[in-house]
Amino acid sequence: MTSPLLAMRAAILARLGGDAALAALMGGVVRLYDEPPRAALPVFALFGDGEARDDSVDGARRHLHALALVVFGKPGSTRSALDAAERIAALLDEAGLTLAGHALVSLRVESIAGHRDQSSGETRATVTLKAVTEAIAD
């Protein structure tokens, strides 16, 4: 069976990857990564912390997901991070994503938070997602 967390990440990437408005906010192409690429200039996003916890009920194998997407803004521009984060949230909140090996029961944006790293001055926005998935029997 496919990992529920990896299936969720792949579905998110597929959903965001085709959005022209998000691409425009990120400099022409949607840039969502597992790790920050070397010498990448913002605006880009990273998969942040993620967890899929067992939430099985009545014999159905379910998982409760908590997942963060972290958007890095242009130097001195919190708005660039928040604009991209807001677009990501609009695309994902209650979206009907297709996951490999799992059915999406629910997906919602729990929060959007903007912050500035005090030591580097980098601006970031974090989109926190909550979801429930159910394993599809083979």
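Throughout what follows, the structure given in this document is the object of discussion.

Reading the values: the criteria
- Residues numbered from 1 in each chain as written.
- Predicted model: local features only at pLDDT ≥ 70, side-chain atom pairs only at ≥ 80, totals over all residues.
- Heavy atoms only, no water.
- Pairing = 2+ DSSP bridges.
- Helix = DSSP H or I, 4+ residues; strand = E, 2+ residues; numbered from the N terminus.
- Contact = heavy atoms within 4.5 Å.
- Axes fitted to C-alpha atoms, helices over the stretch in contact; angles between N-to-C directions.
- Buried < 20%, exposed > 50% of the residue type's maximum accessible area, 1.4 Å probe, protein only.
- Expected span 1.5 Å × (residues − 1).
- Arc of directions from axis to C-beta.
- Polar contact = N/O pair within 3.5 Å; in protein donor to acceptor, adjacent residues only side chain to side chain.

### Re the sheet that holds strand S3 (residues 62-72)
In spatial order, the strands read S1-S2-S3-S5-S4; together these 5 strands make up an open sheet with mixed pairing. Bordering the open sheet on either side are strand S1 (32-33) and strand S4 (102-116), each of which pairs with just one other strand. One ladder, built from 9 bridges, connects strand S2 (residues 44-54) with S3; its direction is antiparallel. Bridged to Arg-53 within S3 is Leu-64. Packing of helix H1 (residues 4-17) onto the sheet brings it into contact with S1, S2, S3, S4 and strand S5 (123-135), and relative to S3 it is tilted by some 45°. Helix-sheet contacts for helix H3 (residues 78-92) involve S3, S4 and S5, and the interaxial angle to S5 is about 15°.

### Some words on unusual backbone geometry
Looking along the chain, the bond that leaves Pro-42 and enters Val-43 is cis, with omega of 25°. Looking at the secondary structure, you find Val-43 in the loop between S1 and S2. Residues other than glycine seldom take positive phi values, yet Asp-58 does so here, at roughly 45°. With respect to the helices and strands, Asp-58 occurs in the loop between S2 and S3. On the accessibility criterion, Asp-58 (85% relative accessible area) is exposed.

### A short note on H3
Helix length check: H3 (15 residues) gives 21 Å between terminal C-alpha atoms against 21 Å at 1.5 Å per residue, within 8%. Restricting attention to buried positions, one finds in H3 the residues Ser-80, Ala-81, Ala-84, Ala-85, Ile-88, Ala-89, Leu-91 and Leu-92. Down the axis of H3, the sector holding all buried residues measures 165°, keeping them to one side. Away from its buried face by more than 90 degrees, H3 exposes Arg-79 and Ala-90. Next to the buried residues of H3 lie H1, helix H2 (20-25), S3, S4 and S5.

### Thoughts on the side chain of Thr-133
Here Thr-133 shows up in strand S5. Among the residues examined, Thr-133 registers a relative accessible area of 0% and is labelled buried. Among the polar contacts listed, one links the side chain of Thr-133 to the side chain of His-65, at a separation of 2.8 Å. Each residue touching Thr-133, except ones within four places of it in the same chain, is listed here: Pro-4, Met-8, Arg-61, Arg-62, His-63, His-65, Leu-99, His-102, Ala-103, Leu-104 and Val-105.

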